[in-house]
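Chain by chain, the residues run as shown.
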Amino acid sequence: MSRTDRARAGAYGAAACAVAYGSMKLAQALGANALADKDPLPPHLREQLLARDPLFVASHWVLAGAAVVGVLVALATVRPWGARVPRRLLLAITWTLGIFMITRSIGVVGFGFVGDALVLTGVRPPPVEHAALARTLARWDLLLWSPFFLLWGVCWATAGWRLYRRGPHASAQERQDALGHHRG
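*Asks:* Looking at this model, I keep getting lost on the side chain of Asp116. Mind explaining?
*Replies:* Note on placement: Asp116 falls in helix H5 (residues 112-121). Arg104 provides the closest opposite charge to the buried, unpaired Asp116, separated from it by 5.6 Å. One polar contact links the side chain of Asp116 to the main-chain amide nitrogen of Leu142, over a distance of 3.2 Å. Apart from residues no more than four positions distant in its own chain, Asp116 is found in contact with Ala138, Asp141, Leu142 and Ser146.

Here it is as structure tokens:
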């Protein structure tokens, strides 16, 4: 696979992940469980989430809307109409999202591969009254959420790398060519 094809796959991958995440948040906003019980939240927040606290319902709507914006941003990095969006803005968004999601998946903020491994190995034992739940949620995070956010973050970073490599002074024709839309 050529470098251009990998970069395009990154952008479309970021869009696909945004669709998946946004669909889940929309389902939750509309009342479905949709993996809400697998969300690695502290027990008191988990109870509010599962009780459909209005703040959590509102956050689901916001996140579903943000996912729609994410799809548009990802597609703007590879579609011709995206050339109208300021390149620096797209670079800032793609790199920020990529770094944030990769960091989340690794576990620097407590969740992720590192945090989950610490809980599951007993190096960082959870409170005794929530130990079983914490281990269950750590397994879900380790097997589902962390890999998902790692994939999504790598897709965003790949899309950002493509924009960076394209350069700030590319002509409209060069941008079209870089997007894979050659005129015949």
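*Asks:* Before we go on, may I ask you to explain a nonpolar patch on the surface in this structure?
*Replies:* A cluster of nonpolar side chains, contributed by Leu26, Leu30 and Trp61, occupies part of the molecular surface with about 320 Å² of accessible area. For Leu26, the location among the structural elements is in helix H1 (residues 3-29).

*Asks:* Hey, could you run me through the pattern of salt bridges in this one?
*Replies:* Here the idea is simple: oppositely charged side chains can pair when their charged atoms come close. Tallied over the entire structure, the rule returns two salt bridges. Where Asp141 meets Arg104, a salt bridge forms, and the shortest distance between an N and an O atom there is 2.6 Å. One end of the pair, Asp141, is in helix H6 (residues 131-166); the other, Arg104, is in helix H4 (residues 87-106), with 37 residues separating them in the sequence. Asp141 sits in the buried class, given a relative accessible area of 0%.

*Asks:* What should I look at first to understand H6 in this one?
*Replies:* The periodicity of an α-helix, 3.6 residues per turn, causes residues three or four places apart in sequence to face the same way. The end-to-end C-alpha distance of H6 is 49 Å, a good match for the 52 Å that 36 residues give at a rise of 1.5 Å each. At Asp141, H6 shows its maximal kink, close to 45 degrees.

*Asks:* Honestly, the layout of surface pockets in this entry has me stumped. Any pointers?
*Replies:* Sizing a probe to match a water molecule and rolling it over the atoms shows the empty space that remains. A volume near 650 Å³ is recorded for the largest pocket. Taken together, 28 residues form the lining of the largest pocket, with Tyr21, Lys25, Leu63, Arg104 and Phe149 sitting closest to its centre. Of all elements in the fold, only H1, helix H3 (54-76), H4 and H6 reach the threshold of two or more residues within the lining of the largest pocket. Ranked by the residues each element gives to the lining of the largest pocket, the list is headed by H3, at seven residues. Partitioned by chemical class, the residues of the lining of the largest pocket number 21 nonpolar, four polar and three charged. Roughly 330 Å³ of volume is contained in the second largest pocket. Forming the boundary of the second largest pocket are 17 residues, of which Pro40, Leu41, Pro42, Phe111 and Ala134 lie nearest the centre. Those elements giving two or more residues to the lining of the second largest pocket turn out to be H5 and H6.

*Asks:* Looking at this structure, I do not really get the nonpolar core. What am I missing?
*Replies:* As a rule of thumb, soluble globular proteins bury nonpolar side chains together. Core analysis: the biggest nonpolar cluster contains 20 residues, and Ala14, Tyr21, Phe148, Phe149, Trp152 and Trp156 have the highest contact counts within it. Mapped by element, the contributors of at least two residues to this core are H1, H3, H4 and H6. Considering every element that reaches this core, the biggest residue donor is H6, with seven residues. Sequence-distant contacts of Phe149, that is, excluding residues within four places in its chain, are made with Tyr21, Met101, Ile102, Arg104 and Ser105.

*Asks:* What exactly am I supposed to notice about the environment of Pro54 here?
*Replies:* Here Pro54 lies in helix H3. For the pair formed by Pro54 and Ala29, sequence separation is 25 residues and the distance between their alpha carbons is 9.8 Å.

*Asks:* Just to check I follow, could you spell out the packing of H5 against H6 for this structure?
*Replies:* A pair of packed helices is captured by two measures, namely the crossing angle of their axes and the spacing between those axes. At a minimum axis separation of 9 Å, H5 and H6 run at an interaxial angle of 160 degrees. The pairing of H5 with H6 is recorded here as roughly antiparallel in orientation. Crossing geometry of H5 relative to H6 is assigned as left-handed. Residue-level contacts link Gly112, Phe113, Asp116, Val119 and Leu120 of H5 to Ala134, Arg135, Ala138, Arg139, Asp141, Leu142, Ser146, Pro147 and Leu150 of H6.

*Asks:* I tried to follow the packing of H4 against H5 on my own but got confused; where do I start?
*Replies:* Direction vectors running N to C along H4 and H5 enclose 15 degrees, while the axes themselves pass 3 Å from each other. As far as their axial angle goes, H5 and H4 are roughly parallel. Of H5, the residues touching H4 (which contributes Arg104, Ser105 and Ile106) are Gly112, Phe113 and Val114. Taken together, the residues that form the contact of H4 with H5 break down as three nonpolar, two polar and one charged.

Definitions and limits used
Residues numbered from 1 in each chain as written. Predicted model: local features only at pLDDT ≥ 70, side-chain atom pairs only at ≥ 80, totals over all residues. Heavy atoms only, no water. Helix = DSSP H or I, 4+ residues; strand = E, 2+ residues; numbered from the N terminus. Buried < 20%, exposed > 50% of the residue type's maximum accessible area, 1.4 Å probe, protein only. Lys, Arg positive; Asp, Glu negative; His and termini not counted. Salt bridge = Lys/Arg side-chain N within 4 Å of Asp/Glu carboxyl O. Polar contact = N/O pair within 3.5 Å; in protein donor to acceptor, adjacent residues only side chain to side chain. Contact = heavy atoms within 4.5 Å. Patch = residues over 30% accessible without salt bridge, like charges linked within 9 Å, V, L, I, M, F, W, Y side chains within 5 Å. Areas by Shrake-Rupley, 256 points an atom, 1.4 Å probe, with all protein chains shown as cover. Expected span 1.5 Å × (residues − 1). Bend = angle between axes of the 7 residues up to and from the residue. 1 Å grid on protein atoms, 1.4 Å probe; cavity = no way out; pocket = protein on both sides within 12 Å on 5 of 7 lines; lining within 4 Å. Points joined across faces, edges and corners; volume = space filled by probe spheres on them. Nonpolar A, V, L, I, M, F, W, Y, C, P; charged D, E, K, R; others polar. Core = buried A, V, L, I, M, F, W, Y, C linked by side-chain atoms within 4.5 Å. Axes fitted to C-alpha atoms, helices over the stretch in contact; angles between N-to-C directions. Parallel < 35°, antiparallel > 145°, perpendicular 65-115°, else oblique. Left-handed = near helix turned anticlockwise from the far one by under 90°.

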